[in-house]
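# Observations on chain architecture
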Amino acid sequence: MSGPLIRPFTGYIPRSDLIAEVVAPPVSSITADRYQQLVADNPTSILHLVGSAIDTGAGGPDPALFDQQAAARLEEMIDAGVFEPQPQAFYVLMIETGEVSAAGIVCEVNTEAEAAGRLKRHEHTRSETEELVLDHLRTVRAHTDPVAMTYRSQPEIETAIKATIGSQQPVRSFTTDDGSRLTLWAATGDEAMGKLEESLVAVPAVYITDGHHRTAAASRLRQLRRAENPNHRGDEPYNYILTVLFAETQLTLHGFNRAVTDLAGLDVAAALERIKAVAELEEISVAWAADARPRRRGVVAMRMGGRWYRLTFREENIPDDPRGSLDAVLLQDLILGPIFGITDARADNRLHYIPGPAGLAELERREAAASFALYPASVADVMAIADRGEVMPPKSTWFSPKVPTGLVIRKF
């Protein structure tokens, strides 16, 4: 690997009086309808630069046209002072949502680290999505939507983060539309920047939590630029991707619940009997849907025929490996596949995924033929699986906090 894994960068941040208008929710969480609401009458929204990833009509049906317009608009916004240039720095970002707060380091990560085993993923990517993101990066020539990564917590890094917060005044602080508080501190100058940089040298590997397609596209961009540059050194900006790096202890991992629209020709009684053959099943009475939620691994809350059940996988059916023992894998391998005939969990339109934060009340509201609420995996599970070069099952991770779009951008 030619350069360091993690390093500071020279970027831009929105002007103080415009930052609430510029910054948007994570692109991955925005639907096309929501996009239209967020950009309506708001010419400074960062979403005008990244909307091709949301299938907007801003550039017509041609993403290339949208990206060309986005590139021009970015330069216009910089010239107009909407984005202000900053000196080389690390940043500390605090995201406070209700009673939860998390602090991460805004930095750039070397995409070449994946080949060296120091940048790890836990999801497969789709080539067509990679292509869209790659085309966007090549045209706009900027990272405007940071990826999120994690690392195994180290006391020295936490001390350096606290020192930055304690010794610096925030460069930006504001409240978003959803009530979250975002605060950004800059570690500039040799001393402040050096303390963070010195502590980060000891990080052996980083793990993508949100942004697998953006990271894959940035890696492909590095390969293209390297081929085009006869004087390639390895430290050029195109070798790195804009990242918010959270310690594992700063993250909360929610699961995705499952809803099945039909029982593959079985009636409720027959389905229950088949499930009893692979798991312990107990009907439970709850006053509120939330009371049914599973309290440990190996236990799933199931709703079928208007009733709640506690489904417990038997020890003899649980493999002794990090991925095979996940509740999402057990549910798929023991129930969804063999009993309900859902062999392709990515493509079967009878299977629907509901983000865990929506709660079990959402499962009651939908009242599908069968619904399953899973105990979430842990960040340690994700790391262990990534360390083995494996991927998580589809729709099994919902990390929070989510990194906003447009808070910091970096050109290359």
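Positions within a chain are numbered from 1, following the residues in the order the chain's sequence is written. Totals for whole chains, interfaces and linings use every residue, but because this is a predicted model, local features are given only for residues with pLDDT of at least 70 and side-chain atom pairs only at 80 or more, for both listing and counting. Side-chain metrics in this entry use all non-hydrogen atoms of the structure; hydrogen atoms and water are not considered.

## Remarks on the confidence of the model for the protein chain
You can read pLDDT as the predictor saying how much it trusts each residue, on a scale of 0 to 100. For the protein chain, mean pLDDT is 93; residues scoring 70 or higher make up 98% of the total. Here, two residues are considered to be in contact whenever any of their heavy atoms come within 4.5 Å of each other. Low pLDDT (under 50) marks residues 56-60, which in the prediction has eleven contacts with non-local residues, meaning those over four places away or in another chain.

## Comments concerning the nonpolar core
If you look at the biggest cluster of nonpolar residues, it comprises 36 residues, and the most contacted ones within it are Ile 6, Phe 90, Met 149 and Val 206. Apart from the residues within four sequence positions on either side, Val 206 is in contact with Leu 5, Ile 6, Val 109, Arg 118, Leu 119, Lys 120, Met 149, Thr 150 and Leu 245. Put simply, a nonpolar core is a bunch of buried Ala, Val, Leu, Ile, Met, Phe, Trp, Tyr and Cys residues held in one set by side-chain atoms that sit within 4.5 Å of each other. When a residue's accessible area, from a 1.4 Å probe over protein chains only, is under 20% of the maximum for its type it is buried; when over 50% it is exposed; and in between it is partly exposed. Within the second largest apolar cluster, 35 residues are counted, among which are Val 23, Tyr 207, Ala 386 and Met 392.

## Observations concerning the pattern of salt bridges
A pair is scored as a salt bridge if a Lys or Arg side-chain nitrogen falls within 4 Å of a carboxyl oxygen belonging to Asp or Glu. Under the definition given, this model contains 28 salt bridges. Its salt-bridge partner being Arg 410, residue Glu 108 comes within 2.9 Å of it at the nearest N-O pair. A residue pair is termed long-range when its members are at least 10 positions apart, and Glu 108 in strand S6 (residues 100-110) and Arg 410 in strand S22 (residues 410-411) qualify at 302 residues. Overall, Arg 410 belongs to the buried group, its relative accessible area being 2%. Put simply, Arg 7, Glu 108 and Arg 410 are held in one network by salt bridges that share partners. Every helix listed is a DSSP run of H or I at least four residues long, and every strand listed is a run of E at least two residues long, numbered separately from the N terminus.

## Details of the environment of Tyr 35
Residue position: Tyr 35 is located in helix H2 (residues 32-39). Between the alpha carbons of Tyr 35 and Thr 252 there is a distance of 26 Å; along the sequence they are 217 residues apart. Within 3.5 Å is the distance limit for a polar contact, defined as a pair of N or O atoms, with the added protein rule that one can donate a hydrogen and the other accept it, and that residues adjacent in sequence qualify only through two side-chain atoms. Polar contacts involving the side chain of Tyr 35 include one to the main-chain carbonyl oxygen of Leu 47, which spans 3.3 Å.

## Some thoughts on the environment of Ile 354
Position of Ile 354 relative to the elements: it lies in strand S19 (residues 351-355). On the basis of relative accessibility, which here comes to 1%, the residue Ile 354 falls in the buried class. The contacts of Ile 354, once residues within four sequence positions are left out, are Phe 256, Asn 257, Arg 258, Ala 259, Glu 362, Leu 363 and Arg 366.

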